[in-house]
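# A structural walkthrough
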Number of protein chains: 2
Amino acid sequence: MIIDKLYKRVEKLGHVCLGLDTDLSYIPEEIIKESSSNREAIVKFNKGIIDATLDVVSTYKVQIAYYEALGIEGLLAYKETLEYLREKDAIIIADIKRGDIAKTAEMYAKAHFTGDFEADFITLNPYMGMDTIEPFMEYLEKYDKGIFTLVRTSNPGAKDVEYIETVKGEKVYEEVGEMVQELGKKVTGTCGYSSIGAVMGCTHVDEAVKMREALGNTFFLIPGYGAQGGTAKEVALYLKNGNGGVVNSSRGILLAYKKDKYKGMSYAEAARAESISMRDDILGWCK
Amino acid sequence: MIIDKLYKRVEKLGHVCLGLDTDLSYIPEEIIKESSSNREAIVKFNKGIIDATLDVVSTYKVQIAYYEALGIEGLLAYKETLEYLREKDAIIIADIKRGDIAKTAEMYAKAHFTGDFEADFITLNPYMGMDTIEPFMEYLEKYDKGIFTLVRTSNPGAKDVEYIETVKGEKVYEEVGEMVQELGKKVTGTCGYSSIGAVMGCTHVDEAVKMREALGNTFFLIPGYGAQGGTAKEVALYLKNGNGGVVNSSRGILLAYKKDKYKGMSYAEAARAESISMRDDILGWCK
């Protein structure tokens, strides 16, 4: 199962999930100059990052919004980036945050588990309820795919809905987490984790131990490291025996070449150095 | 403002929001046969529906999932459908249900308020909080666009999250509704409604009067009519003096040509007849 593949990949390569949220403004001028289109520039930049990091990161998370923003041209770059990742046997998380009912959910499953935009995992939004997640189950089994459902995100606005206190004495995100864990039991791999994971931001560390215990079989996709304030020490609290989660970094890696400490390196070399530094930072707290 | 344009359109043409959730299986065989690609068939079918209904429906809601499911080819059909709608000065609601933080939200705004996929309104998912809606504000004013935020959807699973009871003695969707209404005050048109509307399913009629009163300045996008069980009598409870909402129907109209009562009509003629019937059904309850 895909979750077992992910588990092994983390065991071997560490926890870094490299976010390919590629904005045109992130791309070095020389690549822009030598490319005949935005599409070509984006794909060239992404391939450079991928080639330099394949053996030091466990997963790639591609944020589709950055590609949608450029219309058809951007989505062609998205398609080509995913193709390249598949070719390299990388594990792809498509960060699409979709969520819709019945037939529409099936359309999203078809869109992102097959065809031009095929990925291994997709992110989903649970606001409309579990009947917006359930239609994906059939596809998880049929195509050996996985999901990360939003549970507790790392942005300040998470307080508005996710943190509403419920009559059960919990917060909304805790109730959502329980529903996700329950649904996930149907697709548990030999590693003990389910192919239905959860997005669990690492910016509120007081809840880390509680969530790790409550959702024992749920693999976490952890945003919030670095730019958003989460540290490796905090991240480690969301892991179990050094596994059970991947930690996203996007701009921190894509723009590493602009940092003083990587001066003189190419953007790809700097991305590699930053990925290794992040990997080792997290591994250091997993012992 | 776009909300004033929508208000006037409803006044003139009624409440029908025609959902272009175009699945290949909905398209009559003769169109498939005479088309050289799926893309061509979809666009041809959509144009036929649009031409036949422009003077009897107030808005068109295009569900992007159906197009994403076909990859790049489907998104080209999506682009061409939106182009045609813009050419005809139709009001377009892009049903994309996106929702993400800061920079990513801006990317979605750019994607769906400008360029290839430009629409008048988009639907958004509020699970991650108001800081996923706020980045759109700037674009609403700059490009004269609007939003419909999910509040209370029409699917059975709505009970899972939207209906969680909170310590305030409300339901999650009620608290979300209040936040949406509050944010919307900044972009209120002369018609008294805001360019930030709410998706409000008409399948739980007991809450209709309460929601209409609580969200007095919020225009509703109302799913659930017909196939999902909502009647015109119920829909009317979500309206105020015969305005303040549009009511979606997708398959009911797109597949009208398969109904016995429209036998002998083309798919476009049947779509027109069904749209008129729905329009008059709702108008009849607005007196």
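Because the structure is predicted, anything quoted here is derived from the model rather than measured.

### Describing the overall build of chain A
Helix and strand counts for chain A come out as 13 helices and eight strands. The globule rule puts the C-alpha radius of gyration for 287 residues at 19 Å, and the 18 Å found for chain A is close to it. In terms of overall dimensions, chain A has C-alpha extents of about 60 × 45 × 35 Å along its principal axes. Per-residue burial over chain A gives 65% buried out of 287 residues. Sequence-distant contacts in chain A: of pairs separated by 6 or more residues, those separated by 24 or more amount to 72%. Computing the positive centroid from 36 side-chain charges and the negative centroid from 44, chain A places the two 3 Å apart.

### Structural notes on the UniProt feature "active site" (unreviewed entry) in chain A
Taking the UniProt record as the reference, the feature "active site" (unreviewed entry) is found at A:Lys97. Among the structural elements, A:Lys97 can be located in strand β3 (residues 91-98). On the accessibility criterion, A:Lys97 (8% relative accessible area) is buried. Ignoring any residue separated from it by four or fewer positions in sequence, one finds A:Lys97 in contact with A:Gln63, A:Thr123, A:Leu124, A:Asn125, A:Leu150, B:Lys97, B:Gly99, B:Asp100 and B:Met128. Within the structure, the side chain of A:Lys97 is placed 2.9 Å from the side chain of A:Asp95, a separation counted as a polar contact.

### Topic: the state of the cysteines
Residues and elements named next belong to chain B. Following the criterion strictly, the structure yields zero disulfides over all chains and no others. The thiol of Cys191 is unpaired, and the distance to the nearest cysteine sulfur, on Cys286, comes to 16 Å. Cysteine Cys286 remains unbridged, with the sulfur of Cys202 as its closest cysteine sulfur at 12 Å. With relative accessibility at 23%, the residue Cys286 sits in the partly exposed group.

### Topic: the interface of chain A and chain B
The partner chain B presents 59 residues to the 59 residues of chain A that form the contact. Where chain A abuts chain B, roughly 4700 Å² becomes buried across the two surfaces, and 60% of that area is made up of carbon and sulfur atoms. It is A:Ile72, A:Tyr127 and A:Met128 that lose the most area in chain A upon contact with chain B, and together they represent 16% of the buried surface on that side. Applying the counting criterion to the chain A and chain B interface returns six salt bridges. In this structure, A:Glu68 and B:Arg98 form a salt bridge, with 3.1 Å as the shortest nitrogen-oxygen distance. For the side of chain A that touches chain B, the secondary structure elements donating two or more residues are α4 (64-68), α5 (71-87), β3, α6 (102-113), β5 (146-152), α8 (158-161) and α9 (172-184) of chain A. A class-by-class count of the residues in the side of chain A that touches chain B yields 30 nonpolar, 13 polar and 16 charged.

### Focus: the UniProt feature "domain: Orotidine 5'-phosphate decarboxylase" (unreviewed entry) in chain A
Mapped onto the present numbering, the UniProt feature "domain: Orotidine 5'-phosphate decarboxylase" (unreviewed entry) falls on residues 15-265 of chain A. Secondary structure across residues 15-265 of chain A divides into 38% helix and 16% strand, with the first and last C-alpha atoms of the span separated by 24 Å.

### A short note on the packing of helix α3 (residues 38-53) of chain B against helix α13 (residues 267-284) of chain B
In a packed pair of helices, the relevant descriptors are the angle between the two axes and the axis-to-axis distance. Residue and element names in this part refer to chain B. Their axes nearest at 8 Å, the elements α3 and α13 cross at an angle of 45°. In terms of axis orientation, α3 runs oblique to α13. You can see that α3 and α13 cross each other, and the crossing is right-handed. Counting all contacts with α3, which are made through Lys44, Phe45, Gly48, Ile49, Ala52 and Thr53, the residues of α13 involved are Tyr267, Ala268, Ala271, Arg272 and Ser275. The residue makeup of the contact of α3 with α13, split by class, is six nonpolar, three polar and two charged.

### Brief notes about the relation of the copies chain A and chain B
Structural alignment of chain A on chain B gives an RMSD of 0.0 Å, achieved by rotating through 180° and translating 0.0 Å along the axis. Classification of the inter-copy transformation places it as that of a two-fold axis. Taking C-alpha positions as the reference, the residue of chain A nearest the rotation axis is A:Thr166, at 2.0 Å. Here 100% of the interface residues in chain A have copies in chain B that are interface residues too; the copies meet face to matching face.

### Overview of the pairing of strand β4 (residues 121-124) of chain A
Residue and element names in this part refer to chain A. Here β4 shows two buried faces, one formed by Phe121 and Thr123 and the other by Ile122 and Leu124. Note that β3 and β4 share three bridges and pair parallel. Note on β4: the bridge partner recorded for Arg98 is Leu124. After leaving β3, the chain enters α6 and then returns to the sheet as β4, a path that is right-handed. Sheet topology places β4 next to β5; four bridges connect them, and they run parallel. Along β5, the bridge assignment pairs Leu124 with Thr149. Handedness of the crossover joining β4 and β5 through helix α7 (residues 137-143) is recorded here as right-handed.

### Some points on the packing of aromatic side chains
Residues and elements named next belong to chain A. Evaluation of the coordinates by the stated rule reveals 24 aromatic pairs over all chains. Three or more aromatic residues joined by ring pairs form one cluster here, namely Tyr7, Phe121, Phe148, Tyr193 and Phe219. Arg212 extends its terminal NZ or CZ atom over the ring of Phe220, reaching a point 4.1 Å from the ring centre.

### Quick notes on the sheet that holds strand β6 (residues 196-200) of chain B
Whether parallel or antiparallel, the strands of a sheet pair through hydrogen bonds between backbone atoms. Residues and elements named next belong to chain B. Around the barrel, which closes on itself, the eight strands sit in the order β1-β2-β3-β4-β5-β6-β7-β8 with parallel pairing between neighbours. The mean inter-strand angle of the sheet, taken between neighbouring strand axes irrespective of direction, is 30°. Taken together, the three bridges between strand β7 (residues 220-222) and strand β8 (residues 245-249) define a ladder with parallel strand orientation. Bridging from a neighbouring strand, Ile222 pairs with Val247 of β8.

### Regarding the packing of helix α3 (residues 38-53) of chain A against α5(A)
Residues and elements named next belong to chain A. α5 packs onto α3 with a crossing angle of 25° between their chain directions and a minimal axis gap of 9 Å. Compared by their axis directions, α3 and α5 come out roughly parallel. With respect to the hand of their crossing, α3 and α5 are arranged in right-handed fashion. Between α3 and α5, the contacting residues are Asn38, Arg39, Ile42, Val43, Asn46, Lys47, Ile50 and Asp51 on the first element and Glu73, Leu76, Ala77, Glu80, Thr81, Tyr84 and Leu85 on the second. Considering only residue class, the contact of α3 with α5 consists of seven nonpolar, three polar and five charged.

### Quick notes on the sheet that holds β5(A)
Judged by pairing direction, the barrel is parallel, and its eight strands sit side by side in the order β1-β2-β3-β4-β5-β6-β7-β8 (chain A) before closing back on the first. Taking each pair of neighbouring strands and ignoring which way they run, the sheet shows an average axis angle of 30°.

About the cut-offs
Residues numbered from 1 in each chain as written. Chains lettered and ligands numbered in written order. Predicted model: local features only at pLDDT ≥ 70, side-chain atom pairs only at ≥ 80, totals over all residues. Heavy atoms only, no water. Helix = DSSP H or I, 4+ residues; strand = E, 2+ residues; numbered from the N terminus. Rg over C-alpha atoms; globule rule 2.2 N^0.38 Å. Buried < 20%, exposed > 50% of the residue type's maximum accessible area, 1.4 Å probe, protein only. Contact = heavy atoms within 4.5 Å. Lys, Arg positive; Asp, Glu negative; His and termini not counted. Charge placed at Lys NZ, Arg CZ, Asp CG, Glu CD. UniProt positions renumbered as here; feature names shortened; annotations may be inferred. Polar contact = N/O pair within 3.5 Å; in protein donor to acceptor, adjacent residues only side chain to side chain. Disulfide = S-S within 2.5 Å. Buried area = accessible area lost by both parts, 1.4 Å probe. Salt bridge = Lys/Arg side-chain N within 4 Å of Asp/Glu carboxyl O. Nonpolar A, V, L, I, M, F, W, Y, C, P; charged D, E, K, R; others polar. Axes fitted to C-alpha atoms, helices over the stretch in contact; angles between N-to-C directions. Parallel < 35°, antiparallel > 145°, perpendicular 65-115°, else oblique. Left-handed = near helix turned anticlockwise from the far one by under 90°. Least-squares fit on C-alpha atoms with pLDDT ≥ 70 in both. Pairing = 2+ DSSP bridges. Right-handed = clockwise from strand over helix to strand, strands pointing away. Phe/Tyr/Trp six-rings, centres within 6.5 Å; stacked < 30°, edge-to-face > 60°. Lys NZ or Arg CZ within 6 Å of the ring centre and 35° of its normal.

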